[in-house]
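# Observations on chain architecture
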Amino acid sequence: MRNPIQTGHSDVELEAVAGKLGVMFVGATLPTPLYPLYRETFGFSAVTLTLIYATYVLGNLAALLFFGTLSDQIGRRATSLPAIAVGIASTAVFAAAQGTPWLFAARGLSGFSTGLASGAATAWIAELYATGRSGGAARIASAANILGCAAGPLIGGLFAQFALVPLRLCYFAYLVLLCGAAGAILVPRETIAAPRPFAEVNLRPRIGVPHGIRLQFVSPAVTGFATFSLIGFYSALIPSLLGESLHLHSPLLAGAIVCELFLVAAVVILTSGRFASQTATLGALLLLPPSVWILVGAELAHSLTILVFAAALGGLAGGLGYRGSLEVINRIAPADRRSEVVSSYMIALFRYR
């Protein structure tokens, strides 16, 4: 591995990397309110929809397993640009989709692009952060991720509700964001001092957690898995719950409630810095059971009000769990293997979208 350059940051550099990370995760949730339209257009079942979601996970895991160490070897920027290129390919496939197989391909590419981008960008932010403390860097990275996830369903819902060809135009708009992200990451300095030539890169698949931190790694990984499973459960269930149990078929409403879930999580991440990471993760775990019970209650009572409250509570749990667990990961990760350890953490989360 190559040692990172010890460096402070400028606000522009951090904003560029965080913005790029957020834009990548817009694509992860952009199709969420569109799936009822896809089911109507292409005629696939709920089981097929579940498999489409699973394809994202497979793409994500492939990127994290085979390329989780890549940015530690060739550099943060050199890894981020291909991630954006794969995101552009995924978006183009979504925009051109003519049937269900296209959705599997687009979703797999989307998972691969976010998996490739997330480890590199999170490590880049940690290395650019001025004070060297893990807490601020973790808040920036996790908030960027979650804000991107919040924007995705809202954008998708707006296009689905008002655009003449929603299954095309929303992806053209997203392509503009991706091109902007590609330009933005030319601004920050590279933090890997001596990148390897690509011919010397080791892509042997592994879950890279150094022996000395494995026990410390378990707790944040389990917390992250539990809280992200909750968020995934919510974001996948809300559109179908609205349509089938509450008989509300508005794509914009579905996108807005999923956006609420992620937006509450982002606000929690940005405002909970005074809480220690252990306090945040414990709070998240305590909130998990009531979050599930209230969501089930919303379905049984056919209540939109309860559903909105459940989404807010789920966002609170998710924000605390993600921020607290990622802060621990940033603190314990060796500097020269930061992206590898972050990628292993992402694998433990078993990407939820």
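For every chain, the first residue of the written sequence is number 1, and numbering continues from 1 along that sequence. Confidence filtering applies because this is a predicted model: local features only for residues at pLDDT of at least 70, side-chain atom pairs given and counted only at 80 or more, and all residues used for totals across whole chains, interfaces and linings. The basis for every side-chain value is the complete set of heavy atoms in the structure, and neither hydrogens nor water enter the calculation.

## So, unusual backbone geometry
Apart from glycine, the bulk of residues carry a negative phi angle, and the bulk of peptide bonds sit in the trans form. We count it as follows: Secondary structure elements follow DSSP: runs of H or I of four or more residues count as helices, runs of E of two or more count as strands, with numbering from the N terminus.
The phi torsion at His-247 lies on the positive side, around 55°, for a residue other than glycine. With respect to the element layout, His-247 can be found in the loop between helix 9 (214–244) and helix 10 (251–271). Of note in this structure, His-302 is not a glycine but carries a positive phi near 55°. Checked against the element boundaries, His-302 lands in the loop between helix 11 (277–301) and helix 12 (304–332).

## Quick notes on helix 8 (residues 166–184)
Going by this rule: One fewer than the residue count of a helix, multiplied by 1.5 Å, yields its expected span. Three labels apply to residues, based on accessible area from a 1.4 Å probe with only protein chains included: buried if under 20% of the type maximum, exposed if over 50%, partly exposed otherwise in between. Note: the arc covers the axis-to-C-beta directions of the helix.
The end-to-end C-alpha distance of helix 8 is 27 Å, a good match for the 27 Å that 19 residues give at a rise of 1.5 Å each. Three or more residues of helix 8 are buried, namely Pro-166, Leu-167, Cys-170, Tyr-171, Tyr-174, Leu-178 and Ala-181. Buried residues along helix 8 cover an arc of 105° about the axis, so they all sit on one side.

## Structural notes on the packing of helix 9 against helix 12
In a pair of packed helices, the angle between the axes and the distance between the axes together describe the arrangement. What counts here: Between N-to-C directions, angles cover 0 to 180 degrees, with each direction set by a line fitted to C-alpha atoms, over the stretch in contact for helices. Note on terminology: angles under 35 degrees are roughly parallel, angles over 145 are roughly antiparallel, angles of 65 to 115 are roughly perpendicular, and the others are oblique. Helix crossings are classified by the rotation of the near helix relative to the far one: an anticlockwise turn of less than a right angle makes the crossing left-handed, while a clockwise turn makes it right-handed. Polar here means any residue outside two lists: the nonpolar Ala, Val, Leu, Ile, Met, Phe, Trp, Tyr, Cys and Pro, and the charged Asp, Glu, Lys and Arg; Gly therefore counts as polar.
Following both chains from N to C, one finds helix 9 and helix 12 inclined at 155°, their axes separated by 8 Å at the closest point. Accordingly, the angle class assigned to the pair helix 9 and helix 12 is roughly antiparallel. In this structure, helix 9 crosses over helix 12, and the sense of that crossing is left-handed. Split into classes, the residues belonging to the contact of helix 9 with helix 12 amount to 18 nonpolar, eight polar and no charged.

## A closer look at the nonpolar core
What counts is decided by this rule: By convention a nonpolar core is built from buried Ala, Val, Leu, Ile, Met, Phe, Trp, Tyr and Cys residues, the set being connected through side-chain atoms within 4.5 Å. Should any heavy atoms of two residues lie within 4.5 Å, those residues are counted as being in contact.
Judged by nonpolar contacts, the single largest core of 102 residues is most densely connected at Tyr-38 and Leu-307. Counting residues per element, this core draws most heavily on helix 12, which supplies eleven residues. The contact partners of Leu-307, leaving out residues within four places of it in the chain, are Ile-238, Leu-241, Leu-242, Leu-246, Ile-257, Leu-295 and Ala-298.

## As for the packing of aromatic side chains
Put simply, the rule is: We call Phe, Tyr and Trp rings a pair once their centres come within 6.5 Å, taking the six-membered ring for Trp, and we label the pair stacked below 30 degrees between planes, edge-to-face above 60, and tilted otherwise.
Summed over the entire model, instances satisfying the criterion amount to six aromatic pairs. When the ring of Tyr-35 is compared with that of Tyr-38, the centres are 6.1 Å apart and the planes differ by 45°; the resulting orientation is tilted. Placement of the pair is Tyr-35 and Tyr-38 together in helix 2 (residues 35–42), with a separation of three residues, close to one helical turn. Ring geometry for Phe-67 versus Phe-112: centroids 5.5 Å apart, planes at 80°, classification edge-to-face. Residue Phe-67 is located in helix 3 (residues 46–67), and its partner Phe-112 is located in helix 6 (residues 100–128); the two are separated by 45 residues in the primary sequence. Assessed through its relative accessible area of 24%, Phe-67 is described here as partly exposed. Judged by its relative accessible area of 21%, Phe-112 is partly exposed. Through pairs of rings, three or more aromatic residues link up here, namely Tyr-35, Tyr-38, Phe-42 and Tyr-53.

## Quick word on the pattern of salt bridges
Once the charged atoms of two side chains with opposite charge are near each other, the side chains can pair. Note the threshold: We count a salt bridge whenever a side-chain nitrogen from Lys or Arg sits within 4 Å of a carboxyl oxygen from Asp or Glu.
Enumeration according to the criterion identifies four salt bridges in this entry. For Glu-127, the salt bridge identified is with Arg-76, shortest N-O distance 2.5 Å. Pair noted here: Glu-127 is in helix 6 and Arg-76 is in helix 5 (residues 76–96), with a separation of 51 residues, a long-range link. According to the relative accessible area criterion, Glu-127 is buried, its value standing at 6%. Judged by relative accessible area, Arg-76 falls into the buried class, the value being 0%. Here Glu-327 makes a salt bridge to Arg-323, at a shortest N to O gap of 2.9 Å. On the criterion of helical spacing, the pair formed by Glu-327 and Arg-323 is a turn pair, its members being four residues apart in helix 12. Residues joined by salt bridges that share partners form a network here, namely Asp-72, Arg-76 and Glu-127.

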